[in-house]
Amino acid sequence: MILVKRLDLETGTAILEMHSGDVAGGEARVATLAESARVLGLRAVSLRVGGAERVSTVAAAPATPQAVLTAAPAAVGVPAHPGLVHEAAWHGNGVRYRGAFPHAAPSCHQVQAYTELVLRAAGVPPRDMGLVRLVAYELCVNAIEHGHALQTPATIEVGFEITAVNLRGWVRDRCAAFDPLVFPSTAMARLVDGRRVRGYGLQMVRRIVDSLQHTHDGQGNTVSFTKEWIHERD
Amino acid sequence: MSATEKTAVGAGRDCAVVEREWRADGTVLLAVSGYLNAEGSPTLQDKLAGLLKQGARNVELDCSAVRFISSVGVGVLIVAVGDFRGVGGDVVVTGLNEELRHMFDMLELGDYVTLR
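Not measured: the values here are computed from a predicted model.

How each quantity is defined
- Residues numbered from 1 in each chain as written.
- Chains lettered and ligands numbered in written order.
- Predicted model: local features only at pLDDT ≥ 70, side-chain atom pairs only at ≥ 80, totals over all residues.
- Heavy atoms only, no water.
- Helix = DSSP H or I, 4+ residues; strand = E, 2+ residues; numbered from the N terminus.
- Buried < 20%, exposed > 50% of the residue type's maximum accessible area, 1.4 Å probe, protein only.
- Contact = heavy atoms within 4.5 Å.
- Areas by Shrake-Rupley, 256 points an atom, 1.4 Å probe, with all protein chains shown as cover.
- Pairing = 2+ DSSP bridges.
- 1 Å grid on protein atoms, 1.4 Å probe; cavity = no way out; pocket = protein on both sides within 12 Å on 5 of 7 lines; lining within 4 Å.
- Points joined across faces, edges and corners; volume = space filled by probe spheres on them.
- pLDDT = per-residue confidence, 0-100.
- Axes fitted to C-alpha atoms, helices over the stretch in contact; angles between N-to-C directions.
- Salt bridge = Lys/Arg side-chain N within 4 Å of Asp/Glu carboxyl O.
- Core = buried A, V, L, I, M, F, W, Y, C linked by side-chain atoms within 4.5 Å.
- Buried area = accessible area lost by both parts, 1.4 Å probe.
- Polar contact = N/O pair within 3.5 Å; in protein donor to acceptor, adjacent residues only side chain to side chain.
- Nonpolar A, V, L, I, M, F, W, Y, C, P; charged D, E, K, R; others polar.

Things to note about the overall build of chain A
Consideration 1: In terms of helices and strands, chain A carries 7 helices and 10 strands.
Consideration 2: Out of the 234 residues belonging to chain A, those deemed buried represent 55%.
Consideration 3: Counting only contacts in chain A whose residues sit at least 6 apart along the sequence, the fraction spanning at least 24 positions is 66%.
Consideration 4: Counting only carbon and sulfur atoms, one obtains 53% of the accessible surface of chain A, whose full area is about 10,100 Å².

Okay, structure coming up:
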């Protein structure tokens, strides 16, 4: 497992820390993070192995991840995300990630990239990762489209606790109470019959997750979910 | 028309659609790449609507370079399928990566969209 220890958007650098084991395997996995890092505006990735004493930057040969990550942002003109705050920590039997973004529509695209980055780093298989990425994106869209911010600047937070057994995720805003789950679930077939482009999001989320709940603590809404792994993790 | 790549439309930040081939039987091959999310999906939606107006009857969407499909992207596909089936054609989605294919299978979207 690789922990995304720090995303430093001032320097455009991600520091990934390997909990144990195989440096070669870790570097191979770093290579798969390139596109998510591009969306987040990163320019370089450092791989930290076995703690703070041994820091190894991925070699900058043309075919290496570092070369990809360095070249991509300039090539496509993607600016670094202005407000992302990232935290990661080991907890219990797994790892907890939390990223906070500005409460604005473009953040939804960043949230799905962030989700891919941390879940891929954590060794979540592509099939499960794709489903969680969709859930995080849809809940973020829902919160931003329907949320009335209680403070300025408002943030939206996405977080995951990942263990070998399951994932618990949440999307938290700083908005007035709004419970998306009170709306009745519309069958997919009925949505299709209505020839609608929008309106599928929550229905899709409900079909993917194992549990889904909403709370409001006076400062914001939290929509949390759990997802049992259906494929073996690395 | 030529079987070679000839028309690029909507090469925006999130989604690009490239028209690869327009066959004599009215089948159009499109290559889609990027993100079919709220920002990117209208590019595909506009292209498909334009093709329908121009007389296309079947569309084959090569999605091998698509990285993400949100609910809006799914909605665009479903509406397009309805439109093309309404004129006796269809929209066929090909090349989904493992991650997206699993999502389509789990959500049983193959009931509404032809996958190959």
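Now that the structure is up, let's keep going.
Re the pairing of strand β8 (residues 166-173) of chain A
All names here are of chain A.
Consideration 1: For β8, a buried count of 6 out of 8 residues is recorded, marking the element as mostly surrounded by other parts of the structure.
Consideration 2: Direction of pairing for strand β7 (residues 155-162) relative to β8: antiparallel, over a ladder of 7 bridges. Looking at β8, one finds that G159 is bridged to W170.
Consideration 3: In sequence, β7 turns back onto β8 through a hairpin of 3 residues.
Consideration 4: Where β8 lies against strand β10 (residues 221-228), 7 bridges are found, and the strand directions are antiparallel. The residue bridging L167 from the neighbouring strand is K227, located in β10.

Quick notes on the layout of surface pockets
Consideration 1: Roughly 500 Å³ of internal volume is contained in the largest pocket.
Consideration 2: N142(A), H146(A), G199(A), G201(A) and L202(A) are the residues nearest the centre of the largest pocket, which is lined by 25 residues in total.
Consideration 3: Elements represented by at least two residues in the lining of the largest pocket include exactly α5 (126-146) and α7 (201-208) of chain A together with α2 (71-86) of chain B.
Consideration 4: Element by element, the count of residues in the lining of the largest pocket is highest for α5(A), at 6 residues.

A word on the confidence of the model for chain A
Detailed reading of the predicted coordinates is not advisable wherever pLDDT is low.
Consideration 1: With 64% of its residues at a pLDDT of 70 or more, chain A shows a mean pLDDT of 75.
Consideration 2: For the stretch residues 50-80 of chain A, pLDDT sits under 50, and the model shows 52 contacts to residues farther than four places along the chain or on other chains.

So, the sheet that holds strand β6 (residues 94-102) of chain A
All names here are of chain A.
Consideration 1: As summarised here, the arrangement of the 6 strands in space is β5-β6-β7-β8-β10-β9, forming an open sheet in which the pairing is antiparallel. Edge positions in the sheet fall to β5 (85-91) and β9 (211-216), since each has one partner strand and no second. Taking the axes of each pair of neighbouring strands and ignoring which way they run, one obtains an average angle of 15° across the sheet.
Consideration 2: When β6 meets β7, the two strands line up antiparallel, connected through 8 bridges. Among the inter-strand pairings, G99 is bridged to a residue of β7, identified as V158.
Consideration 3: Here helix α4 (residues 106-121) sits on the sheet and contacts β5, β6, β7 and β8; the angle it forms with β6, its principal contact strand, is near 160°.

Here's the deal with the pattern of salt bridges
Residues and elements named next belong to chain B.
Consideration 1: Under the counting rule described, the total for this entry stands at 17 salt bridges over all chains.
Consideration 2: With a shortest N-O distance of 3.3 Å, R23 and E21 are connected by a salt bridge.
Consideration 3: Of the charged contacts, one joins R116 and E60 as a salt bridge, the two residues approaching to 3.6 Å between their closest N and O atoms. Within this pair, whereas R116 is found in the segment after β6 (114-115), its partner E60 is found in strand β4 (residues 58-69), the two being separated by 56 residues in sequence.

Digging into the nonpolar core
Consideration 1: One finds F160(A), I162(A), L61(B) and M103(B) to be the most contacted residues of the largest nonpolar core, which totals 84 residues.
Consideration 2: Per-element accounting of this core gives the leading share, 12 residues, to α5(A).
Consideration 3: Those residues in contact with M103(B) that sit more than four places away from it in its chain are L131(A), L134(A), M204(A), I69(B) and V74(B).

Remarks on the interface of chain A and chain B
Consideration 1: Across the contact, 33 residues belong to chain A and 29 residues belong to chain B.
Consideration 2: Buried surface at the junction of chain A and chain B, summed over both partners, amounts to about 2,700 Å²; 62% is from carbon and sulfur atoms.
Consideration 3: Inspection of the chain A/chain B interface yields 5 salt bridges.
Consideration 4: Across the pair D83(B) and R195(A) runs a salt bridge whose closest N-O atoms are separated by 2.3 Å.
Consideration 5: Our count for the contact surface shared by chain A and chain B stands at 9 residue pairs in polar contact (both at pLDDT 80 or more).
Consideration 6: Those elements giving two or more residues to the side of chain A that touches chain B turn out to be α2 (34-39), α4, α5, α6 (188-193) and α7 of chain A.
Consideration 7: Per element, the largest residue contribution to the side of chain A that touches chain B is 9 residues, and it comes from α5(A).
Consideration 8: Grouping the constituent residues of the side of chain A that touches chain B by class yields 15 nonpolar, 6 polar and 12 charged.

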